[in-house]
Every structure is written in structure tokens, then in C-alpha cells.
Amino acid sequence: MKEISVQINPYLEYIDSLLLTGKYNEITMPVVGYGLMTDEINEYTTGIKQLFENHRSHPVYSLIEAMIPEGFTFSRPVELALSIGKDGEFSMQYALSDFCMTCCGGRLRIEELLRQMKDLEKETEFFSFCHKNKGFYDSYLNKAREVAEAYPYVTLLEHEYGVTKSSYQLVISSLMRGNFGIVFEDEEMKQPHLYAVLSTHGFGLSPNILFHEFSHPFINPLTEKYDAVVTQYREAYERLKPYKLPGFASGYGEWQECVNEHLVRAMVIHLLQKCNLCEEATEQLHQDLYCGYRYIPLLLESYEYYDRNRETYPDFETYYPELLQVFREKIEEV
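All chains use their own residue numbering, which begins from 1 and follows the written sequence. For a predicted model such as this one, the threshold for reporting local features is a pLDDT of at least 70, and the threshold for listing and counting side-chain atom pairs is 80 or more; totals across whole chains, interfaces and linings nevertheless cover every residue. Only heavy atoms go into the side-chain values, all of them from the structure, while hydrogens and water stay out.

Enquirer: I'd like a rundown of the packing of aromatic side chains, residues and numbers included.
Expert: We describe a pair of aromatic rings using the distance from one ring centre to the other and the angle between the two ring planes. Only rings of Phe, Tyr and Trp enter the pairing, Trp through its six-membered ring, and a pair is recorded when the two centres are within 6.5 Å. The plane angle decides the type: under 30 degrees is stacked, over 60 is edge-to-face, the rest tilted. Scanning all chains against the criterion turns up 34 aromatic pairs. Between Tyr11 and Phe90, the ring centres sit 5.2 Å apart and the planes meet at 85°, which makes this aromatic pair edge-to-face. Of this pair, Tyr11 sits in helix 1 (residues 10–21) while Phe90 sits in the loop between helix 5 (75–83) and helix 6 (98–103), and the two are 79 residues apart along the sequence. Relative to Phe127, the ring of Tyr11 lies with its centre 5.1 Å away and its plane at 70°, an arrangement referred to as edge-to-face. You can see Tyr11 sitting in helix 1 and its partner Phe127 sitting in helix 8 (residues 126–132), a full 116 residues away along the chain. Exposure classes here rest on a 1.4 Å probe applied to the protein chains alone. A residue is buried below 20% of its type maximum, exposed above 50%, and partly exposed in between. Assessed through its relative accessible area of 4%, Tyr11 is described here as buried. Using a relative accessible area of 22% as the deciding quantity, one classes Phe127 as partly exposed. We count a stretch as a helix when DSSP gives it H or I for four or more residues in a row; a strand needs E for two or more, and each element gets its number in order from the N terminus.

As C-alpha cells, then:
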């Protein structure tokens, strides 16, 4: 049986350290409304700031600052970090998504960034610093392993979506804010590697969060693949606007993102119910409705229909176009 591997990724810690000690928060805060890097002061963050204090003139900082307005924010630095191999040479073991590649400014800019990162790492010996401070994460890793072993997440996910994945990685970081689901294709295995990347900010690690982040790599590619069908239901976005919280508070911006979040959040509730976590499922539903996800009750009904008709729909993709018909319906007040 596949298990979730819990880990710290040194390359993610390194990129996050560069963002933390650079102008990332300063540049993104006016747009997002909050800092995307932690503002916590502890032994670890203090050590990082001291380590890079005399290196702020290194060209990697100006390069990153030029990339941020072009989209090098949120999950893009995370995806880039996780794509790097573990040989210390800053070479990429996984191909980036087209979206991430575009937001990073293309292959040539990425290659330049990796060269500059490698150069600065030699100057600062960051990986050695990271190894010496690994004890900082012990309590977080113990908690993560406890939650990751509590329920058969992989079995439930692969049965519900009807496909298998090569591996499931749970990566913890204390430097960023926000959680992300990342997927990389493995050309040899012909099955993707899934990553749930969780911030320790508020560290409310729970089955809800694991189901959420591991569902994105199943659902997001389908929304991209069936973009033409998704666009047909765009009117639903207008119906949702009165319920959407300001800015990014609801967790989505444009329509495709809204679809992904609706489907993922409804699936979280669906899977929580399968774990007999009914109280958690009800609480999650109330929270999502408050955030403006008013199609979730209809999606939950549609998921039940999907479960009852797996002979017709052997996997989630075969049902996906029909599932989208939910967005034709009017929103009922709840």
C-alpha cells in the first residue's frame, strides 16, 4: 500500500529564504493584501537573515525581483524548487508546467536563476546551515506523520478518481504562507508524482488539508484539458460574485480557478464523510459556503451520483464533463 512520505525539501527552504530576505513581501503585499512569506521571528528565521545579510547585493536578488511582477508568486517558486534534483547541481529532474514556465519568464531565465542560486549557495553554504537546523522541524514533522498515518488517504483518493499516481509527498515549510498541490510527470514511470506543500503558519494540519492539496493534482489538469467545456459555464461566475469575499479571501480569482476550488472543496467534504468524519465535513461545508462556494451542495449530490454509477463512469475524468453541468443551475440560498 502506498504511503505519504513526509519531508523537508532543502531547495524549497533555499528559495523561500531568498524570498524572505528579499523584497517579495514588499512587492506582493499591495496586490495580495498580506505577506506571502512569514513575519515570525524565531531562531530559524533569525539565522537565515543573518546568513544572507551580507549577500543582498548578489544578482540573484535583482533577478527574482524582476520575475515577481511577471507571476513568480504563490505556487510558482514552490514548483520550481521541487523540480530540482537532489544532486546539488541545481539541475531540473522534473519538467515544469507550461503555466509555471511562463510565469518564471521562460527556460533561459530559469536556467539563469538556477545558476545564480547555485553560486550564492556556495557562498553561504545554505544547505549546511539547513542541515544543522533540521531539529527546528522535528515537532512539525512528528505531527505531520501522525496525521498522514491516521487514514487511508491514498486508497481513498485513487479509488475516487479512478487513477493511480507514482508517489505522494508531504512537504513542510515554515517560511511561506499558504498551501499548495503540485504534480510532476514521471516519463519513466508514466505516472505522476504528487506533492502537498504545507505551511506551518497556524499549522492546522488535518485530513481536510491533505485531501484538499492532494486533490488539486487530480482535478486541475482536467480543468485545463476541458477548458472549452469549462468556459461554457462562465455565467456561473457572475452568479457567484455577490457571495465571493473581497480580493483573494475566497481563494480564487478567475473562473477556471473558481471551478478547481469548488470541485476540490466539495471532494474534501465527500472524502471526509467516507472517513466517518461527519462533524469535520459539516464544519468544512459551512466554512466553504461562507467563503462563497455556493455550488458545493449540488456538487456533493453529483459526487454521490458518480459513486453510484462507477460502471458507467470508471474514473473521474469520464464523469468530469457531466459534472460541470452543475454550474448551469441557479444558486439556492442556504
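Additional details are given in the paragraphs that follow.
Enquirer: Before we move on, could you go through helix 16 (residues 296–308) and cite the residues and values that matter?
Expert: An ideal rise of 1.5 Å per residue puts 18 Å on 13 residues; helix 16 measures up with 18 Å between its terminal C-alpha atoms. Of all the residues in helix 16, the buried ones are Ile296, Leu299, Leu300, Ser302, Tyr303 and Tyr306. The arc enclosing the buried residues of helix 16, seen along the axis, measures out at 165°, which places them on a common side. For helix 16, exposure combined with an orientation more than 90 degrees from the buried face picks out Glu301 and Arg308. Elements that come into contact with the buried residues of helix 16 comprise helix 10 (153–161), helix 14 (255–274), helix 15 (278–290) and helix 17 (316–323). To estimate the expected span of a helix, count its residues, drop one, and scale the result by 1.5 Å. Regarding the arc, it is the one traced by the directions from the helix axis to the C-beta atoms. Note on contacts: a residue pair qualifies if any of its non-hydrogen atoms lie within 4.5 Å across the two residues.

Enquirer: Residues and numbers for the packing of helix 14 against helix 16, please.
Expert: Axis definition: a line fitted to C-alpha atoms, limited for helices to the stretch in contact. Angles are taken between N-to-C directions and run from 0 to 180 degrees. It is the contact of helix 14 with helix 16, at a shortest axis distance of 9 Å, that shows an interaxial angle of 60°. Viewed along their axes, helix 14 and helix 16 adopt a mutual orientation that is oblique. Between helix 14 and helix 16 lies a crossing whose hand is right-handed. Taking contact as the criterion, the partners of His262, Leu263, Arg265, Ala266, Met267, Ile269, His270, Gln273 and Lys274 in helix 14 are, on helix 16, Ile296, Leu299, Leu300, Tyr303, Glu304 and Asp307. Just so you know how the angles are binned, under 35 degrees is roughly parallel, over 145 roughly antiparallel, 65 to 115 roughly perpendicular, and the rest oblique. Crossings are classed by handedness, with left-handed meaning an anticlockwise turn of the near helix from the far one by less than a right angle and right-handed meaning a clockwise turn.

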